[in-house]
Amino acid sequence: MKLDSKIPAGHISTKWTDYKDHLKLVAPNNRGKIDVIIVGTGLAGASAAASLGEMGYSVKAFCYQDSPRRAHSIAAQGGINAAKNYQNDGDSIYRLFYDTIKGGDYRAREANVHRLAEVSVNIIDQCVAQGVPFARDYGGLLDNRSFGGTQVQRTFYAAGQTGQQLLLGAYSALSRQIGLGHVKMYNRHEMLDLVKVDGKARGIIARNLITGDLERHSAHAVVIATGGYGNVYFLSTNAMGSNVTAAWKVHKKGAYFANPCYVQIHPTCIPIHGTNQSKLTLMSESLRNSGRIWVPKKIEDAEAIRAGKLKPTQIAEEDRDYYLERRYPAFGNLVPRDVASRAAKERCDAGFGIENNATGEGVYLDFSTEIEKKGKEMAYIQGDHNPSKETVIKLGKQWIEEKYGNLFTMYEKITDENPYETPMKIYPAVHYTMGGVWVDYNLESTIPGCFVTGEANFSDHGANRLGASALMQGLADGYFVLPYTISDYLADDIRTGHISTDLPEFVEAENDVKGLIDRLLEVKGSKSVDQFHKELGLIMWNKVGMARNEQGLKEAIVEIAALREEFYNNVYVPGTAHELNTELEKALRVADFMELGQLMAVDALQRKESCGGHFREEYQDAEGETLRDDENFKFVGAWEYKGPEATQAVLHKEELVYEFITIAARNYK
Amino acid sequence: MASSKNININLKVWRQKNAKTQGAMETYSLADVSTDSSFLEMLDQLNEQLIGEKKEPVAFDHDCREGICGMCSLFINGQAHGPEMGVTTCQLHMRKFKDGDTIYVEPFRSKAFPVIKDLMVDRSSFDRIQQAGGFVSVNTSGNTQDANNIPVPKHDADRAFEAAACIGCGACVATCKNGSAMLFVGAKVSQYALLPQGKIEAATRVQNMVRQMDEEGFGNCTNTGACEIECPKGISLENIARMNREYLKATLE
């Protein structure tokens, strides 16, 4: 099959508007006859379900959590971008578009990203109208801040809980539609297969997680909005239940999976504390507005800190290496995430890490400069033009508390250290996945009628995602893109009528799911699901992690295959299929992570260049910066499923065409 | 500085096969628990031990493990989310316990939160309250006015945000002797009542949400204030007072 991105012709600034004008519509009186299934109810899924419900479609929404408001979008801290230019600092739709393309290392689709920048403006208006309490300034207007990879203040926020407020906004819109009967919500349900009839997506097999019953649900179209696959690493910033299963099942049914090797490593996570760690916690990137990142300049200081003999506050200013400010003076601590992450790894690999545990990995995020600066400002505002040092520190801490209080509290709860007094310790961790199901401009996968939105698709971020752009994409897809493009598809279905779940395709899919469940329960081996998941995670982190090389990737492919074989011969899943069984849920997810993990390594191996989150050690310049190969790798790598071994997968290339942006080396100096 | 050490603990955990069967406390002992582990990581460790012994692991709700999704619950030593103030169970760490401690772990108990299995309860009654009116009836077209056209005083925005910070975990209900959901509902009502966008429907909203809250079998508030103390997000009793005012206003209109 040839990949057709369906990018409309015309100038970039009018493409979307012109295209929308010519899409087919479904008349209001016909929408109730059309069923749509939406899997996942985070920002992308809840906004889509609310919008389609409001339009009058008959919507069924599914989530594995006990309520849509638990979706992991809720944990996003820092903010959401929009090209409003409220701060009069030169922002525009074009500049947001440009920053996003450049931030993505020229591996995203121009037309999609421009559309995202265009609708970003409406997202803020929409959310404010829904009662989302964004931060305001003293004049009552919306406040903004900066994020990595940009030189303007375009990020809207609600303290360190922006994702929470946006998700609760989308959840309230969804709740309204549920209350009105337009959306039927299935909590604690997990999609375990896609059902295709005559080549089109026509339904799903879902497992009721409380009873264990397998259910058949039919629809005229299926939307996958299940987020990313970072949990393939076991340790990540993702929620424990976040998984790839729905996206992977769709892939196995014919949807291409694009750019799986593009994984964002977020630079500011709390370092690992020990072997019992279950997940990692992010500290918002917005902290880099106020925090300065450093490690000791002298290796003996770093050693003493790791040994617990020196405290960071005892290191003199001139003995600190503010390595981001040193290497990237123009952007400083606000370089993009991939750049900041690699720079931290480089310092730790060179022996300057500061964490006093077995890993030795970690760098400081220090607020003392900002505390003094803001403290002085606050004293001046209060009329004190000659404040004592004590007053300055006190007022500075107050300022920090107002801006980042909840993050500081969270840090202290986890680490037992007070970040107002001592610098935070941070280290990069797996955060967001830019790869995902391949979709065209309509957000439709290579399976007709199967749409994929938000982090579950591959489309908007290229090889790296800039901060505050994930929330933007989730809501853009759900509120303002999918309602138009899915209607165009559904216009052909007004005479189809209800689709029976007694069709043989449903029976077969249900039997397949049942077969897999029985198989896993019957192994009765000696290792728990988590043991396998942790082993997979280690292979992934060590060999398909922050830096990859040919040898490591080849090893990973073989090791994962062996681990998968052992899994099916030696996993122990207690309990039965017909009850609430959390180990069975995990086993089904880990089975898919194994297949995906191998494909990630296969994809990383073929991409003989470094770009964004994909750093191949063989391709770097003398200063350790990424070496992209635009001549040979300016494409989306979309994989077709051909069997359980990822080495069987077939690569299809979607060439990326840049008509409106000149490709350049990515320079943040 | 954080100091890491391992402790041994005893656990008394509520086990209940499903909603229909009776439950009972089971005793377990667990060795080598890192004090840097979260409470849920300790339960992971218990479950690994149980699976190793070919026993069924303990079912409990959890997801983000960052204190924000509101999915984790647990009554620990008689307190919702355990002994530490202002945290969810996932952010409670084992450094708050001592070597040799016996820890009681039970589900959130309330008529409106039926037990599903072991430590998991069904909190969908909160969703139904939200569906009854916890929203602003604006369509999702994006054709709204520019967001800065309605300035919101910073003070109001901040108070609305504080109310909106509720994570719907249900600790307020679990800890209330009446099983009242008024802190949760009060927070939702307050968020919208404080913002200009939510004012138009304020009267129907509060009436519908309160009606649904009663139908779900939650008890009434008798101003004991335990909910506020146990709330991991510091949602204030002020919100209950505001809800009562809104409700009174609505009935007088």
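Residues numbered from 1 in each chain as written. Chains lettered and ligands numbered in written order. Predicted model: local features only at pLDDT ≥ 70, side-chain atom pairs only at ≥ 80, totals over all residues. Heavy atoms only, no water.

(A) Focus on the overall build of chain A. A tally of regular secondary structure across chain A gives 18 helices and 20 strands. Expressed along its principal axes, the backbone C-alpha trace of chain A runs to roughly 80 × 60 × 50 Å. The buried share of chain A, reckoned over its 669 residues, is 67%. Only carbon and sulfur atoms are counted for the fraction: they give 49% of the accessible area of chain A, which is about 21800 Å². Across chain A, 76 positive and 88 negative side-chain charges occur, with their mean positions spaced 1 Å apart. (Helix = DSSP H or I, 4+ residues; strand = E, 2+ residues; numbered from the N terminus. Buried < 20%, exposed > 50% of the residue type's maximum accessible area, 1.4 Å probe, protein only. Areas by Shrake-Rupley, 256 points an atom, 1.4 Å probe, with all protein chains shown as cover. Lys, Arg positive; Asp, Glu negative; His and termini not counted. Charge placed at Lys NZ, Arg CZ, Asp CG, Glu CD.)

(B) The arrangement of the overall build of chain B in detail. Along the backbone of chain B there are eight helices and seven strands. Overall size of chain B, expressed as C-alpha extent along the three principal axes, is 60 × 45 × 35 Å. Counting only residues that meet the buried cut, chain B has 60% of its 253 residues in that class. In chain B, of all internal contacts separated by at least 6 residues, the share reaching a separation of at least 24 is 69%. A total accessible area of about 9800 Å² is found for chain B, and carbon and sulfur atoms account for 49% of it. Positive and negative charge centroids in chain B, built from 27 and 31 side chains respectively, lie 3 Å apart. (Contact = heavy atoms within 4.5 Å.)

(C) Quick peek at the sheet that holds strand E17 (residues 436-437) of chain A. Residues and elements named next belong to chain A. On the basis of which strands lie adjacent, the open sheet formed by four strands has the order E17-E11-E19-E20 and antiparallel pairing. In this open sheet, the two edge strands, each paired with only one partner strand, are E17 and strand E20 (650-655). Where strand E11 (residues 257-258) and strand E19 (residues 635-640) come together, two bridges link them in antiparallel fashion. Each residue of the ladder has a partner; that of Phe 257, found in E19, is Trp 639. (Pairing = 2+ DSSP bridges.)

(D) Broad picture of the packing of aromatic side chains. Residue and element names in this part refer to chain A. Taken as a whole and assessed by the stated rule, the structure comprises 31 aromatic pairs over all chains. For the ring pair Tyr 229 and Phe 257, a centre distance of 5.7 Å and an interplane angle of 55 degrees mean the geometry is tilted. Remark: Phe 257 occurs in strand E11 and Tyr 229 occurs in the loop between strand E10 (221-224) and helix H7 (245-252); sequence separation between them is 28 residues. On the basis of relative accessible area, Tyr 229 is assigned to the buried category, the value being 2%. (Phe/Tyr/Trp six-rings, centres within 6.5 Å; stacked < 30°, edge-to-face > 60°.)

(E) Representation of empty space enclosed by the protein. For the structure shown, the criterion picks out ten cavities of 30 Å³ or more. Considered as a void within the structure, the largest cavity measures approximately 840 Å³ in volume. Around the largest cavity sit 49 residues that line it, and His72(A), Ser73(A), Gly227(A), Gly228(A) and Glu455(A) are the ones nearest its centre. Residues that form the lining of the largest cavity fall into these classes: 19 nonpolar, 24 polar and six charged. Of the pockets and cavities examined, the second largest cavity occupies roughly 90 Å³. Forming the walls of the second largest cavity are 13 residues, and the residues nearest its centre are Cys166(B), Gly168(B), Cys169(B), Cys172(B) and Cys231(B). Of the residues assigned to the lining of the second largest cavity, the class counts are ten nonpolar, two polar and one charged. (1 Å grid on protein atoms, 1.4 Å probe; cavity = no way out; pocket = protein on both sides within 12 Å on 5 of 7 lines; lining within 4 Å. Points joined across faces, edges and corners; volume = space filled by probe spheres on them. Nonpolar A, V, L, I, M, F, W, Y, C, P; charged D, E, K, R; others polar.)

(F) Looking closely at the interface of chain A and chain B. Residue-level contacts link 86 residues of chain A with 76 residues of chain B. Taking both partners together, chain A and chain B bury about 6500 Å²; carbon and sulfur atoms supply 52% of that area. The largest per-residue losses of area from chain A upon contact with chain B belong to Arg70(A), Arg136(A) and Lys413(A), which jointly make up 11% of the total buried on that side. Linking chain A with chain B are ten salt bridges. The shortest N-O distance in the salt bridge between Arg123(B) and Asp66(A) comes to 3.7 Å. Viewed at the interface, chain B and chain A are joined by 46 residue pairs in polar contact (both at pLDDT 80 or more). Elements with a contribution of two residues or more to the side of chain A that touches chain B: helix H3 (43-55), helix H5 (110-129), helix H6 (162-179), helix H12 (389-415), helix H13 (470-490), helix H15 (529-543) and helix H17 (582-606) of chain A. (Buried area = accessible area lost by both parts, 1.4 Å probe. Salt bridge = Lys/Arg side-chain N within 4 Å of Asp/Glu carboxyl O. Polar contact = N/O pair within 3.5 Å; in protein donor to acceptor, adjacent residues only side chain to side chain.)

(G) Inspection of the sheet that holds strand E3 (residues 80-81) of chain A at higher detail. What the three strands build is an open sheet, ordered E3-E5-E4 (chain A); its pairing is antiparallel. Each having just a single partner strand, E3 and strand E4 (144-145) of chain A make up the two edges of the open sheet.

(H) Main features of the nonpolar core. Judged by nonpolar contacts, the single largest core of 241 residues is most densely connected at Ile80(A), Phe134(A), Ile224(A) and Phe567(A). Here this core takes 14 residues from H17(A), the largest share from any one element. Setting aside residues no more than four positions away along its own chain, Phe134(A) makes contact with Ile80(A), Ile124(A), Cys127(A), Val128(A), Leu142(A), Phe156(A), Tyr157(A), Ala158(A), Thr162(A), Leu166(A) and Ala157(B). With 27 residues, the next largest nonpolar core counts Trp14(B), Leu40(B), Leu43(B) and Ile103(B) among its residues. (Core = buried A, V, L, I, M, F, W, Y, C linked by side-chain atoms within 4.5 Å.)

(I) Quick look at the pairing of strand E1 (residues 35-39) of chain A. All names here are of chain A. Most of E1 sits out of view: five of its five residues are buried. The alternating pattern of E1 places Asp 35, Ile 37 and Val 39 on one face and Val 36 and Ile 38 on the opposite face, and all of these are buried. As judged from the five bridges shared by E1 and strand E2 (residues 58-62), these two strands associate in the parallel manner. Bridging from a neighbouring strand, Ile 37 pairs with Lys 60 of E2. Crossover handedness for the path E1 to H3 to E2: right-handed. As defined by bridge partners, E1 adjoins E10 across four bridges and the pair is classed as parallel. Bridge pairing in E10 links Val 36 to Ala 221. (Right-handed = clockwise from strand over helix to strand, strands pointing away.)

(J) Looking closely at H5(A). Residue and element names in this part refer to chain A. When the terminal C-alpha atoms of H5 are compared, their 30 Å separation across 20 residues agrees well with the 28 Å that a helix rising 1.5 Å per residue should span. The largest bend in H5 amounts to roughly 35 degrees and is located at Val 119. With 19 of its 20 residues buried, H5 lies for the most part within the structure. Where H5 ends, the next residue or the one after it, Gly 131, has phi of about 90 degrees, a positive value. (Expected span 1.5 Å × (residues − 1). Bend = angle between axes of the 7 residues up to and from the residue.)

(K) Representation of unusual backbone geometry in the model. Residue and element names in this part refer to chain B. One non-glycine residue with positive phi stands out, namely Asp 32, at about 55 degrees. Not every positive phi belongs to a glycine, and Arg 65 is a case in point at roughly 55 degrees. The class of Arg 65 is buried, set by a relative accessible area of 5%.

(L) Main features of the pattern of salt bridges. Across all of its chains, the model carries 76 salt bridges over all chains by this definition. The salt bridge partner of Asp127(B) is Arg69(A), with a shortest N-O separation of 3.6 Å. You can see Asp127(B) sitting in helix H2 (residues 124-131) and its partner Arg69(A) sitting in the loop between E2 and E3, one on each of two chains. Here the two residues Asp127(B) and Arg69(A) agree in accessibility, since each one is buried. Two residues, Glu285(A) and Arg288(A), come together in a salt bridge whose shortest N-O distance is 2.4 Å. A relative accessible area of 2% places Arg288(A) in the buried class. Residues joined in a network through salt bridges with shared partners are Asp105(A), Arg107(A), Asp338(A), Arg342(A), Arg607(A), Glu609(A), Arg628(A), Asp630(A) and Arg666(A).

(M) Examining H15(A) more closely. Relative to the 21 Å expected for 15 residues at 1.5 Å per residue, H15(A) spans 21 Å between its end C-alpha atoms, a close match to the ideal helical length. For H15(A), the elements touching its buried residues are helix H16 (550-570) and H17 of chain A together with helix H1 (39-52) of chain B.

(N) Main features of the packing of helix H6 (residues 202-215) of chain B against helix H8 (residues 238-252) of chain B. Residue and element names in this part refer to chain B. Contact geometry of H6 with H8 gives a least axis separation of 9 Å together with a crossing angle of 110 degrees. Relative to H8, H6 is oriented roughly perpendicular. Of the two possible hands of crossing, H6 and H8 adopt the one that is left-handed. When H6 is examined against H8, the residues Ala 202, Ala 203, Val 206, Gln 207 and Val 210 are found in contact with a partner set consisting of Met 243, Glu 246, Tyr 247, Ala 250 and Thr 251. Here the contact of H6 with H8 is built from residues that sort into seven nonpolar, two polar and one charged. (Axes fitted to C-alpha atoms, helices over the stretch in contact; angles between N-to-C directions. Parallel < 35°, antiparallel > 145°, perpendicular 65-115°, else oblique. Left-handed = near helix turned anticlockwise from the far one by under 90°.)

(O) Here's a closer look at the layout of surface pockets. Residues and elements named next belong to chain A. Of the volumes computed, that of the second largest pocket is approximately 1100 Å³. As for the second largest pocket, its lining consists of 48 residues, of which Pro 271, Ile 272, His 273, Gly 274 and Gln 277 are closest to the centre. Secondary-structure elements contributing two or more residues to the lining of the second largest pocket are H12, strand E16 (424-433) and H15. Sorting elements by how many residues they give to the lining of the second largest pocket places H15 first, with six residues.

(P) Looking closely at the UniProt feature "domain: FAD-dependent oxidoreductase 2 FAD-binding" (unreviewed entry) in chain A. When the UniProt feature table is mapped to this numbering, "domain: FAD-dependent oxidoreductase 2 FAD-binding" (unreviewed entry) covers residues 35-471 of chain A. With 32% helix and 19% strand, residues 35-471 of chain A has end C-alpha atoms that lie 27 Å from one another. (UniProt positions renumbered as here; feature names shortened; annotations may be inferred.)

(Q) Quick peek at the pairing of strand E1 (residues 6-15) of chain B. Bridging between E1(B) and strand E2 (residues 24-34) of chain B involves nine bridges; their strand directions are antiparallel. Looking at E2(B), one finds that Arg15(B) is bridged to Ala24(B).

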